[in-house]
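Chain by chain, the residues:
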Amino acid sequence: MTFTPDIQAFCCHYTSQQTIAEGKKGLKDDGLPANITFHRVVCTGKLQVSTLLKAFEEGADGVYVVGCPEDKCHNVKGSQRAAKRVVAIKKALAELAVEPERIEMFHLERGFHPEFVEAAQLMNKRITDLGPCPFKGEAK
Amino acid sequence: MIIADRKPLDEIVGMVSDAKKILVLGCRGCVTVCSAGGEREVEILASLIRLGMLKQGKKIETVEGTLVRQCDKEYIDGIDEWEGQYDAIVSMACGVGVNFIANLRPTTKVYPAVNTSFFGGSTDQGVWMEQCAGCGNCVLHLTGGLCPVARCAKSLMNGPCGGSVNGRCEIHPDVECIWQSIHDRLGRIGNAEAMNVIAPIRDWSTAGHGGPRKTLRDDLTI
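Treat the numbers as computed from the prediction; the structure is a model and nothing was measured. (Residues numbered from 1 in each chain as written. Chains lettered and ligands numbered in written order. Predicted model: local features only at pLDDT ≥ 70, side-chain atom pairs only at ≥ 80, totals over all residues. Heavy atoms only, no water.)

Undergrad: How should the environment of B:Glu43 be read in this particular structure?
TA: Within the secondary structure layout, B:Glu43 lies in helix α3 (residues 39–55). Taking the relative accessible area as the measure of exposure, B:Glu43 reaches 37% and is therefore partly exposed. Once the C-alpha coordinates of B:Glu43 and B:Leu104 are considered, the two residues, 61 residues apart in sequence, prove to be 25 Å apart. Setting aside residues no more than four positions away along its own chain, B:Glu43 makes contact with A:Ser50 and B:Glu64. Among the polar contacts made by the side chain of B:Glu43, one reaches the side chain of A:Ser50 at a distance of 3.4 Å. (Helix = DSSP H or I, 4+ residues; strand = E, 2+ residues; numbered from the N terminus. Buried < 20%, exposed > 50% of the residue type's maximum accessible area, 1.4 Å probe, protein only. Contact = heavy atoms within 4.5 Å. Polar contact = N/O pair within 3.5 Å; in protein donor to acceptor, adjacent residues only side chain to side chain.)

Set out below in structure tokens:
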């Protein structure tokens, strides 16, 4: 049985320019997997741990965050803060015996570039290989 | 303030594994300041407990709340707001808060979500250090304001010991020798001769070795 993971991506205003400019069809033509849902936030530094956890609660198999390069964040340290929060969630997932690599942080340049697509493809392959998230087991 | 750290998730999830609905209860006191058990941490822990239970194939309802403090009777009464909505309380307050709930709600199950660690302060963003041991007999006036009870690995009253090397403690290079710091500071404030005073054998009876301590203020009791 084929498995298509539910992947939720949180991108900042700058790194997500491609998603806004090209729309669904353009993104598909670029090679972006259709099973990735993008959430655009003003800055990844604004993302709370609880927001990312909620994505897992709502059925995500994988979650990733795309923020500015560490030393080039429009809001100075926003993407650094996001990266720390992603690490905190990785630790929490490990504590719950769930693969920490189900969440990832990417630091990318703003604008249109292949790395944005590559990040999506990497996560899609990784999560597909991991299989369904253990949180999705049927609750009794 | 009191510094605390969240307990390992498997320990917390294990505590509530038989519950169907829980109240995750934060405290706006010390644990909010040290980011262990305030409103934000309550939201995160509630989510992690739900996920932890889902991993076990179970579902749990969580109610989230945060009291002004959990170390005062009048604020504990605030729990009544969630009456009937939980089987057990997971308290994110320090151990005092958990004890207060247990004292005042004799039939309510209450579990600790944090390990209460020490009395300390934030020395840098995201870093907290122990500064006081609450020993009940303060000697800071003799030691330049730096506490040898809390900050010397041996709680020596006449330091430094032979393990002090270049201002560092022998237990770890990251740990300062507080007696070296006391010596340096006493010199800077013109009181170096205080180092020549031999402290007598200390009476530790105020430090909790004689059972739980109590403070009674007649001027405040009614």
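Undergrad: When you look at the pairing of strand β3 (residues 61–67) of chain B in this model, what are you seeing that I'm missing?
TA: Residues and elements named next belong to chain B. Taken across its 7 residues, β3 has 5 buried, putting it largely inside the fold. As judged from the 7 bridges shared by strand β2 (residues 21–27) and β3, these two strands associate in the parallel manner. Pairing of Gly-26 across the sheet is with Thr-66, part of β3. (Pairing = 2+ DSSP bridges.)

Undergrad: What should I look at first to understand the nonpolar core in this one?
TA: The biggest cluster of nonpolar side chains holds 44 residues, and the ones touching the most others in it are A:Leu52, B:Ile22, B:Leu45 and B:Ile49. Residue assignment for this core shows that the elements contributing at least two residues are α2 (49–57), β3 (62–67), α3 (78–95) and β4 (103–107) of chain A together with α1 (9–15), β2, α3 and β4 (88–91) of chain B. Tallying contributions element by element places α3(B) first for this core, with 9 residues. In terms of nonpolar packing, the next biggest core, distinct from the first, is built from 16 residues, A:Ile7, A:Tyr64, A:Phe116 and A:Ala120 among them. (Core = buried A, V, L, I, M, F, W, Y, C linked by side-chain atoms within 4.5 Å.)

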